[in-house]
Amino acid sequence: MPRFQPCMTRVSGCLGLVTTVWSLLAAGAAPGPNPPIQLDVDATDAARKVLHARLQIPAQPGKLTLLYPKWLPGDHSPTGPITDLVGLKMSAAGKTVEWRRDAEDMYALVVELPAGASSLEVTLDYLSQPGADGSASGASATAQLADISWNDVALYPKGAKASELQYATTLRLPEGWQFGTALVPASQASGVIHFEPVSLETLVDSPVVAGAYSRTVDLTPGGQPPHFLHIVADSAAALEMKPEDGRHLSHLVAETGALFGARHYRAYHFLLTLSDHVAHFGLEHHESSDNRQGEKYLIDADALKLKASLLPHEMVHSWNGKYRRPAGLATPDFEQPMRGELLWVYEGLTDYLGEVLTARCGLWQAEDFRQRLALDAARLDRQPGRTWRPLVDTTVAAQLLYDARKEGSSWRRGVDFYQEGALIWLEADVLIRQLSQGRRSLDDFCRKFYGGPSGPPRVVPYTLDDVVAALNEVAPHDWRQFFQTRVYDIDPRAPLGGIEGAGWRLVYSNTVPDMLKSAESALKFTDLRFSLGLTIKEDGAVQDVIPGSPADQAGVGAAMKLVAVNGRRWTADLLRTAVKAARTNAAPIELLVENEDYFKSCKVDYHEGEKYPRLERASTKPDLLKDILKARTPAP
Ligand SMILES: [Zn+2]
């Protein structure tokens, strides 16, 4: 009997099974002592990109300040979509109550409840953004599906901790739509789902995906805790995941168990939305993850390979980010600013472990891992922004850099704590193996730091001191200085010690790696940053020019538009051919660029041919990457 049992394809019937599991799990989750806030959401207009909501908030007569969630966990930014909160009306004791917005805090609404009132009723609409831009607060509904983030429609009284406020929620879906969520349905009648009451913290941490085309896969039949994959898509065809990919995901679950040695959830739900009309990202939650990709993600092998680490990355966050969380990100409500300084652990280590697990579970081959590693390392190593900005500033300024333009990115730097964090944790992994003569690895740190007893979600904050202390228990070393030089100090070169210590070298050749071909095709750009020093969008717009590169020296600038190469209208192929030909030709490559209303010919004096990064074996050293990527559990 294969472990991969598709159990629902645009169906009814499976929900009953899932409900049974959920109901059992809910038995221990008693609501807190305060009367719950009632939140009723009507998603029957989701296809028109509107959610309707009604809140009943227990309250006393007098002044009350309501807050709309601003700092969203996982977004690490004040991105609560307050602009799209509309149609706000309030009443109490049968009378309309006027509200006003705080003049300084746009997320605070102040009301005065009349004498005799025991609760405040609020009705509101949330307008879901069209298009496919943005992150968690971006596009979230199409004609066939909706991703419902409760923070989009929730208000809460100021002063209370999110973990102490209880919410009883209901959700009405368009007829025939099925749903997936980590929330536990208590009952379902007349098209309305009633969920077990949960804290505001859990509610915001438990989005719902719903759609006309949906499928739920039980990844660990009969296992405890259970693991589900809930897919909603814009077509039935998009749900047809290959059986081997289902087995890889089951293997991923087993590998996370082997890595961490404990699970801090009652059940885990991968929520996967497949549409070309929603924002594409992954957002971590404690008992689920909200993963959104293009419609063909599961049926186009290139698309899956390019983003194969998405689900592993988001699942790792259940341990690293949700259970263990940097103290500066463990805020009591959604109003307190988050401090991102340890994002190089939260995201950097998750990026490393996510990609390692992608290879361990079979979604990637070792060569895929190495290609991605080479591309990331080379990009970071050729980034002049590192001469003025230390990695730690990309974490502190994450709330700015997430939305930074592509233009100028190599001089500005971006959210480099993901990939550069991964390089640093690879180096830590290699160092532990070397210090312990191969007896220990970063896996031991993971079990020590993220393991402990299994059980329902809880948050255990940590500081850098805690990370250093746990590493010292695994392999004594001056870890504080190790991180000081790599995270806090300026270094014009990327940390490549992990690659080299693992028995590999970062080199450049004229072959475009498959991983880059897929990225260029999916993201519609041409990447010549390692040769000419520029990246170009599909329409010829210059995305970035690396300061000091041949293109920069020839006068090309970001936001100019490439028109012609050596006198002929530009195409990506023509440009690559010209770079190749210039190897044996003394003449410069002539780029005709358009700069607003003016044209200019830029002569690029470059003759070293095409250059793309790859990893090459350093045969004098053992291949530690091979050991790092080896599965710990048998493939299902
Ligand atoms: Zn992440």
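Definitions and cut-offs
Residues numbered from 1 in each chain as written. Predicted model: local features only at pLDDT ≥ 70, side-chain atom pairs only at ≥ 80, totals over all residues. Heavy atoms only, no water. Helix = DSSP H or I, 4+ residues; strand = E, 2+ residues; numbered from the N terminus. Buried < 20%, exposed > 50% of the residue type's maximum accessible area, 1.4 Å probe, protein only. Contact = heavy atoms within 4.5 Å. pLDDT = per-residue confidence, 0-100. Donors = N, O, S within 2.8 Å, 3.2 Å for Na, K, Ca; no water. Pairing = 2+ DSSP bridges. Axes fitted to C-alpha atoms, helices over the stretch in contact; angles between N-to-C directions. Phe/Tyr/Trp six-rings, centres within 6.5 Å; stacked < 30°, edge-to-face > 60°. Lys NZ or Arg CZ within 6 Å of the ring centre and 35° of its normal. Arc of directions from axis to C-beta. Parallel < 35°, antiparallel > 145°, perpendicular 65-115°, else oblique. Nonpolar A, V, L, I, M, F, W, Y, C, P; charged D, E, K, R; others polar. Polar contact = N/O pair within 3.5 Å; in protein donor to acceptor, adjacent residues only side chain to side chain. Salt bridge = Lys/Arg side-chain N within 4 Å of Asp/Glu carboxyl O.

1. With respect to the environment of Trp-411
Summarising the element assignment, Trp-411 is placed in helix 11 (residues 409–412). Residue Trp-411 is classed as partly exposed on the basis of its relative accessible area of 46%. For the pair Trp-411 and Gly-385, spaced 26 residues apart in the sequence, the C-alpha separation amounts to 4.0 Å. Not counting chain neighbours up to four residues away, the residues in contact with Trp-411 comprise Pro-384, Gly-385, Thr-387, Trp-388 and Pro-547.

2. Some remarks on the confidence of the model for the chain
Segments scoring low in pLDDT should not have their predicted coordinates read at a detailed level. Considering every residue of the chain, the mean pLDDT works out to 93; 94% of them sit at 70 or more. Of the regions scoring below 50 in pLDDT, residues 1–32 engages in 56 contacts with residues more than four places distant in sequence or in other chains.

3. Considerations on the coordination of the zinc ion
Protein-derived ligands of the zinc ion are His-313 (NE2), His-317 (NE2) and Glu-347 (OE), with the metal-ligand distances lying across 2.0 to 2.1 Å. Sequence spacing among the residues donating to the zinc ion works out to H-x3-H-x29-E. On the criterion of sequence distance, the pair formed by His-317 in the loop between helix 5 (310–316) and strand 23 (324–326) and Glu-347 in the loop between helix 6 (343–346) and helix 7 (348–360) is long-range, its members being 30 residues apart. A residue is classified by how much of its surface remains accessible, and Glu-347, at 1% relative accessible area, is buried.

4. Some words on the sheet that holds strand 26 (residues 525–528)
Within the open sheet, the three strands sit side by side as 26-27-28. Their pairing is antiparallel. This sheet does not close on itself; its edge strands, each paired only once, are strand 26 and strand 28 (542–545). Sheet twist, expressed as the mean angle between neighbouring strand axes with direction ignored, is 10°. Where strand 26 and strand 27 (residues 534–537) come together, four bridges link them in antiparallel fashion. Bridge pairing in strand 27 places Phe-525 opposite Lys-537. The strands that helix 19 (residues 572–581) touches are strand 26 and strand 27; relative to strand 26, the one it contacts most, it runs at about 10°.

5. Some points on the packing of aromatic side chains
Here the structure, examined in full by the defined rule, presents 24 aromatic pairs. Judged by centre distance (5.9 Å) and plane angle (75°), the rings of Tyr-265 and Trp-319 are edge-to-face. You can see Tyr-265 sitting in the loop between helix 3 (243–260) and strand 20 (268–274) and its partner Trp-319 sitting in the loop between helix 5 and strand 23, a full 54 residues away along the chain. On the basis of relative accessibility, which here comes to 0%, the residue Trp-319 falls in the buried class. With a centroid separation of 5.1 Å and 15° between ring planes, the pair formed by Phe-445 and Phe-449 is classed as stacked. A residue pair is termed a helical-turn pair when its members lie 3 or 4 positions apart in one helix, as Phe-445 and Phe-449 do in helix 13 (residues 442–450) at four residues. Neither Phe-445 nor Phe-449 differs from the other in exposure class; each is buried. Cation over ring: Arg-324 sits above Phe-449, and NZ or CZ is 4.2 Å from the ring centre.

6. Observations concerning the pairing of strand 31 (residues 589–595)
Both strand 29 (residues 561–565) and strand 31 contribute to a ladder of four bridges, which runs antiparallel. Each residue of the ladder has a partner; that of Ala-564, found in strand 31, is Leu-592. Bridging between strand 31 and strand 32 (residues 598–604) involves seven bridges; their strand directions are antiparallel. Following the sheet pairing, Val-593 is matched in strand 32 by Lys-600. If you look at the hairpin formed by strand 31 and strand 32, you'll find two residues sitting between the two strands, and Glu-596 has a positive phi there, around 55°.

7. Some remarks on helix 14 (residues 464–474)
Of all the residues in helix 14, the buried ones are Leu-464, Val-467, Val-468, Ala-470, Leu-471 and Val-474. Relative to the axis of helix 14, the buried residues are bounded by an arc of 165° and lie together on one face. Where the residues of helix 14 are buried, they touch helix 6, helix 12 (419–435), helix 13, strand 24 (460–462) and helix 15 (479–488).

8. Considerations on the packing of helix 8 (residues 366–381) against helix 17 (residues 514–523)
Taken N-terminus to C-terminus, the directions of helix 8 and helix 17 make an angle of 70°; their axes are 8 Å apart at the nearest point. It follows that helix 8 is roughly perpendicular to helix 17 by the angle criterion. Contacts between helix 8 and helix 17 pair Asp-368, Gln-371, Arg-372 and Leu-375 from the former with Asp-514, Met-515 and Leu-516 from the latter. When the residues that make up the contact of helix 8 with helix 17 are grouped by side-chain class, the tally is three nonpolar, one polar and three charged.

9. Re the pairing of strand 29
In the sheet, strand 29 pairs with strand 30 (residues 568–569) via two bridges, with the strands oriented antiparallel. Its bridge partner being in strand 30, Val-565 is matched across the sheet by Arg-568. Counting the residues between successive antiparallel strands, the hairpin from strand 29 to strand 30 contains two residues, one of them, Asn-566, with a positive phi of roughly 50°.

10. What about the environment of Thr-633?
Along the chain, Thr-633 falls in the segment after helix 20 (624–629). Between the C-alpha atoms of Thr-633 and Cys-361, which are 272 residues apart in sequence, the distance is 8.8 Å. If we ignore the near neighbours within four places in the chain, the residues touching Thr-633 are His-251, Ala-254, Glu-255 and Ala-258. Engagement of the side chain of Thr-633 in a polar contact is seen with the side chain of Glu-255, the distance being 2.6 Å.

11. A few points about the pattern of salt bridges
In this structure the tally under the stated criterion is 32 salt bridges. Residue Arg-379 pairs with Asp-416 through a salt bridge whose shortest N-O separation is 3.6 Å. In this pair, Arg-379 sits in helix 8 while Asp-416 sits in the loop between helix 11 and helix 12, placing the two residues 37 residues apart along the sequence. Among the residues examined, Asp-416 registers a relative accessible area of 2% and is labelled buried. Close ionic contact of Asp-429 with Arg-433 constitutes a salt bridge, the shortest N to O distance being 2.9 Å. Within this pair, Asp-429 and its partner Arg-433 are both found in helix 12, separated by four residues, close to a single helical turn. Residue classification places Arg-433 among the buried positions, given a relative accessible area of 9%. Overlapping salt bridges, with partners in common, bring together Arg-379, Arg-386, Arg-413, Asp-416 and Glu-420 in one network.

12. Considering the sheet that holds strand 7 (residues 99–101)
Strand order across the open sheet formed by four strands is 7-8-4-11, with antiparallel pairing between neighbours. Strands at the two margins of the open sheet, each flanked by one partner only, are strand 7 and strand 11 (156–157). When strand 7 meets strand 8 (residues 108–113), the two strands line up antiparallel, connected through three bridges. Counterpart to Arg-100 in the pairing with strand 8 is Val-110.

13. Focus on unusual backbone geometry
The omega torsion across Gln-224 and Pro-225 is -10°, close enough to zero to call that bond cis. For Pro-225, the location among the structural elements is in the loop between strand 18 (213–218) and strand 19 (227–233). Although it is not a glycine, Arg-413 adopts a positive phi angle of roughly 75°. Turning to its location among the elements, Arg-413 is positioned in the loop between helix 11 and helix 12. A relative accessible area of 2% places Arg-413 in the buried class. Phi is positive for Asn-566, which is not a glycine, with a value near 50°. With respect to the helices and strands, Asn-566 occurs in the loop between strand 29 and strand 30.

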